[in-house]
Amino acid sequence: MSDTALPVRHGAANKPGHGALANLRGIWREANWIQRLALLIAAILLIIAIFAPLVAPHEPTAQSLIFRLRPPIGFDRFRDGYLLGTDELGRDVLARCLYGLQLTLALATMGACIGLVLGGGLGLVSGILGGLVDDVIMGAVDAQIAIPFTLIALLMLAVFGSSLEVMVLVLGVYGWEQYARIVRGEVRKLMQMPFIEAARAAGASGGRIAFRHILPNIVSPLVVQFTLNISNIVLLESTLSFLGIGVQPPTATLGSMVGIGRDYMPTAPWIVIAPAIMILLVTFAVQILGDWLRDRVDVRLRNR
Amino acid sequence: MSDLLSVKNLHVAFGSNEAVSDLSFDVPARRTLALVGESGSGKSATALSILRLIEREGGTITGGSIMLNDGDGTVDITALDEQGLQRLRGNRISMVFQEPMTSLNPVLTIGDQMSEVFIRHRNMTKREAYDASRQALDSVRIPEAARRVEQYPHELSGGLRQRVMIAMALACRPKLLIADEPSTALDVTTQAEILDLLRDLQAEIGMAVLFITHDMGVVAEIADRVVVLRHGRKVEDANVETLFAAPKAAYSRQLMAATPKLGSGSPAAPPPRGNILEVSGMTTRFKMRGRMFSGHGATVDAVKNVSLVLGKGETLGLVGESGCGKSTLARSVLRLIEPASGTIALDGNDVTNLGREGLRGLRRHAQMVFQDPYASLNPRLAVHELVTEPARIHNLVSSCDQRELAAELVRSVGLEEDVIDRFAHQFSGGQRQRLCIARAMSVKPKLIVADEPVSALDVSIARQVTDLMLELQQREQVSFLFISHDIAVVERVSQRIAVMYAGEIVETGPAQSILNDPRHPYTRQLLASVPRPDPARRRRLGHANPAAPSAPVPRAGTVLFEAAPGHFVREDAA
């Protein structure tokens, strides 16, 4: 009749004194094949995005009207040096994909981070304070949901002009209401938990409760939302490009390449296919790694 | 006498974990068999296996047979198909569950839910089924049965809901009733009523009862035969008198020793050294949610004009049933809920009107331990962060000494030092409650308010935790305000007891004086309802009917009257 301990598994994550390299090796070991694939893809995408200027065989904006609409390697009329073919202005699709990837990743990451901080912060405040503050913030959320975001984006870009900074801002605002709703819901649930009351009884301040007790417990849904948000932002950016209010040509983003290449789908599908595959890979890697990250940050699921 | 149900060599497994191994027992017709064991002993798995509900919970019966012989022929339940099971369940065997609050569908009326049973098993029309439901409610002594069929579950109290569950289970006059901890979630007075009711109905219907419980007191009250389970194995199978007179298995003896018994004595009073806590005239008020256009909502006084004192190094046990305001009182004392009026003094300092900074000081000296050890520890923090948190909030420890302090704290509550890098989910309930106590002790408080600290734990673990609290009190001279619905547990730890009823303290005084000479009718009722772990002294109050609130709801503002030295009771009852 002893108060027996539950079995405790000691795992790599619990042991201190690991080097970064050993840590990486540990991560690799415990990943399954699909996570390893996602890791590999993510690593490759990151490297070619960061080193796009070195990797790209041509300038992304260099036109060569003689070699317009040339197909990728392995097809008829393939032109040496243009691995993935050329677009309607004779620009190298590969180079544009690489630069586009760079810009898209940067935009999506910044946008998702802004949304996270903005929406998450408002949701946290809303959930903890409640009352009038809660009503106002949730009212804004409802309004945001009711109005199509494309409309808001159009308005913002029309008023502020479509510079890259405004674009980041627009993408950042996108999705904030989802963060806010998720965070508020989780916070309100957590506020009812005895361990929050225990913290209050111990004398903890509001800030301590928010950052030490609540935030770590809402990381999981936030990570999931973040990954979804990144994929959505990539798509939104392509929508805006398609409408002609996104990042302005000739600057390449993956979304704008798909949007503009659409016109040439029947005759030159590679213009669309190459960036579309890139988008696919980005979202795939982000989603898989996001799920995995969510499981890893949850101490209850660790070492299982 | 033939056996109604024979379980032979039953094996039940959840994945690769064997929950029940090689269990055999028989339930004689018209008798009550109690399956006793602590959490994880496999008693619920056994019950669910008999109805073959175990598959739904992810378990499988991996061996053995369950034979039902109720006169309509013998069937092996383990071999039945889904159709056969549906004819069996609710008809020949039915079950009452532990949690009356969640076992009823909240969006259907009582009548709708009950008539379903009749329509299904008795092929009645809707109208007939409603009439039958009304009669069934009558038969479980529910007052105003005609009105109840129109009501929704939330309109009934826990005791009434459990009666509805019993009425539904007995609707088809089953030969076997499986009762899985049917009274555990109820107040002790309600529990006594439900146990009496079950006994009466058993005689009326002539059914056998398989009663599952962890409480040896309840076993002594209701069982004819007892099977003691531990880790899925049978450790003892005996008649109830034999078991209580001379338990054979060591585990049965341990279990009985750990069961709190009324009248087993209280700790000696510490030398008087002044009071740590003085509360006078405290009232805590809740606003009811107002209706949309009615302006201000009504208010409810959860705690009414309560005064109490707690000496240094002393434990005051606060007893009362659920909803009597004892948890609100505890939180008001620590000002986690703001009292509406009255004064609170901690160690001679008035803390009633302290501002934010002052409150931090209060919490440096008064800590709290909560009921649910699973939910009161932040799942994301390692133990060394958890138990030292109050100390860090009050800057009593630097971050480099934190691990040392944590090690010292976990040692002082009887855990190994190397647990400090683990997380809460890696501990059992009792260990978690130890961690909660360690956390409270980290600031060396003068007062710990413990709100039902052992209610969620098995009896043996509860015993260890109360022993730990007594030991800490001896060593550190800390005072406890110990809140519980279980007066036997309260007796074990408290020098003085306060009985709370409907938001007021109706009787308070030295523990033994209260227990041996209860003055207030509610205290008497409470003491009479406590199940005694002694089958020879079965309480028979004949109150299978729900008690009308037998104790008068106290009028506000009555003062306490000294009935014996230090023993106060409300004037209207004296």
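Keep in mind that what you see is a predicted model, and the values were worked out from it rather than measured.

**Points about the overall build of chain B**
Counting secondary structure elements, chain B contains 19 helices and 22 strands. Its C-alpha atoms give chain B a radius of gyration of 25 Å, within 12% of the compact-globule value 25 Å for 574 residues. Expressed along its principal axes, the backbone C-alpha trace of chain B runs to roughly 75 × 55 × 50 Å. Put simply, chain B has 574 residues, and 57% of those count as buried. Taking the intrachain contacts of chain B between residues at least 6 apart in sequence as the baseline, contacts between residues at least 24 apart amount to 69%. In the structure as shown, chain B presents an accessible area of about 23,300 Å², 49% of it carried by carbon and sulfur atoms. Separation of charge centres in chain B, based on 66 positive and 67 negative side chains, amounts to 2 Å.

**Examining unusual backbone geometry**
Its identity as a non-glycine residue notwithstanding, D347(B) has a phi of 50°, on the positive side. For D347(B), a relative accessible area of 25% translates into the label partly exposed.

**Some remarks on the confidence of the model for chain B**
For chain B, per-residue confidence averages 86 on the pLDDT scale, and residues scoring 70 or more make up 94% of the total. Among the prediction metrics, the complex's ipTM stands at 0.75, with pTM recorded as 0.78.

**Brief notes about the sheet that holds strand β8 (residues 208-213) of chain B**
Residues and elements named next belong to chain B. Here we have six strands laid out as an open sheet, ordered β6-β7-β8-β3-β9-β10, and mixed in their pairing. Bordering the open sheet on either side are β6 (93-96) and β10 (233-239), each of which pairs with just one other strand. Taken over all neighbouring pairs, the strand axes of this sheet differ in orientation by 15° on average, direction set aside. In the packing of helix α7 (residues 188-205) onto the sheet, contacts are made with β3 (32-36), β7 (176-180) and β8, and the angle to β8 comes to roughly 160°.

**Points about the sheet that holds strand β12 (residues 299-311) of chain B**
Backbone hydrogen bonds are what pair the strands of a sheet, in a parallel or an antiparallel way. Residues and elements named next belong to chain B. The sheet built from four strands is open, its strands ordered β12-β11-β14-β15 with antiparallel pairing. What marks the edges here is a single partner per strand, and that holds for β12 and β15 (349-350). As defined by bridge partners, strand β11 (residues 275-287) adjoins strand β14 (residues 341-346) across five bridges and the pair is classed as antiparallel. Within β14, the position partnered with V279 by the bridge is I344. With respect to the sheet, helix α11 (residues 326-333) is in contact with β11, β12 and β14, its orientation differing from that of β11 by roughly 115°.

**Considering the nonpolar core**
Of all hydrophobic cores here, the largest spans 65 residues; its most connected members are L101(A), F149(A), V170(A), I214(A), I218(A) and L240(A). If near-sequence neighbours (up to four positions away) are discounted, I214(A) is found in contact with L124(A), I128(A), V187(A), L190(A), M191(A), I196(A) and I209(A). Counting 55 residues, the second largest nonpolar core, distinct from the first, contains I487(B), V493(B), Y501(B) and V530(B).

**A short note on the environment of L381(B)**
When you line up the elements, L381(B) lands in the loop between β16 (366-369) and α13 (383-393). We classify L381(B) as buried; its relative accessible area is 5%. Distance in space between the C-alpha atoms of L381(B) and V240(B) is 46 Å, their sequence separation being 141 residues. Non-local contacts of L381(B), meaning those with residues more than four positions away in its chain, are made with R212(A), H213(A), L386(B), E389(B), R422(B), F423(B) and A424(B).

**Some points on the UniProt feature "transmembrane region" (unreviewed entry) in chain A**
Here, the residues flagged by UniProt with the feature "transmembrane region" (unreviewed entry) are residues 33-56, 105-133, 145-174 and 267-293 of chain A. Along residues 33-56 of chain A the backbone is 92% helical and 0% strand, and the end-to-end C-alpha distance reaches 30 Å.

**Describing the domain arrangement of chain B**
Often the size quoted for an interface is simply the accessible area lost on bringing the parts together. What the domain assignment lists for chain B is domain 1 (101-173) and domain 2 (275-287 + 297-570). Using only C-alpha atoms to locate each centre, domain 1 of chain B and domain 2 of chain B end up separated by 38 Å.

**Here's the deal with helix α7 (residues 164-173) of chain A**
All names here are of chain A. α7 sits mainly inside the fold: seven of its ten residues count as buried. For α7, the complete set of buried residues consists of V166, M167, V168, V170, L171, G172 and V173. The inward-facing, buried residues of α7 contact α4 (93-129), α5 (131-146), α6 (149-160), α8 (176-191) and α11 (219-242). One or two steps after α7, the chain reaches G175, where phi turns positive at roughly 90°.

**Here's the deal with the confidence of the model for chain A**
Residue-level pLDDT values for chain A average 81, and 90% of them are 70 or greater. For residues 1-17 of chain A, every residue scores under 50 in pLDDT, and the model assigns this stretch 35 contacts once sequence neighbours within four places are set aside.

**Notes on the packing of helix α3 (residues 110-122) of chain B against helix α4 (residues 126-139) of chain B**
Packed helices, taken two at a time, are described by the angle between their axes plus the distance between the axes. All names here are of chain B. For the pair α3 and α4, the least separation of the axes is 8 Å and the interaxial angle reads 110°. When the axes of α3 and α4 are compared, the pair comes out roughly perpendicular. Between α3 and α4, the contacting residues are I110, G111, D112, M114, S115, F118 and I119 on the first element and K126, A129, Y130, A132, S133, A136 and L137 on the second. For the contact of α3 with α4, the class distribution of residues is nine nonpolar, three polar and two charged.

**Describing the side chain of Q225(A)**
All names here are of chain A. Here Q225 shows up in helix α11. Judged by its relative accessible area of 6%, Q225 falls in the buried class. If we skip the residues at most four places from it in the chain, Q225 touches Q178, Y179 and I182.

Quick notes on the rules
- Residues numbered from 1 in each chain as written.
- Chains lettered and ligands numbered in written order.
- Predicted model: local features only at pLDDT ≥ 70, side-chain atom pairs only at ≥ 80, totals over all residues.
- Heavy atoms only, no water.
- Helix = DSSP H or I, 4+ residues; strand = E, 2+ residues; numbered from the N terminus.
- Rg over C-alpha atoms; globule rule 2.2 N^0.38 Å.
- Buried < 20%, exposed > 50% of the residue type's maximum accessible area, 1.4 Å probe, protein only.
- Contact = heavy atoms within 4.5 Å.
- Areas by Shrake-Rupley, 256 points an atom, 1.4 Å probe, with all protein chains shown as cover.
- Lys, Arg positive; Asp, Glu negative; His and termini not counted.
- Charge placed at Lys NZ, Arg CZ, Asp CG, Glu CD.
- pLDDT = per-residue confidence, 0-100.
- Pairing = 2+ DSSP bridges.
- Axes fitted to C-alpha atoms, helices over the stretch in contact; angles between N-to-C directions.
- Core = buried A, V, L, I, M, F, W, Y, C linked by side-chain atoms within 4.5 Å.
- UniProt positions renumbered as here; feature names shortened; annotations may be inferred.
- Domains from an automatic or database assignment.
- Parallel < 35°, antiparallel > 145°, perpendicular 65-115°, else oblique.
- Nonpolar A, V, L, I, M, F, W, Y, C, P; charged D, E, K, R; others polar.

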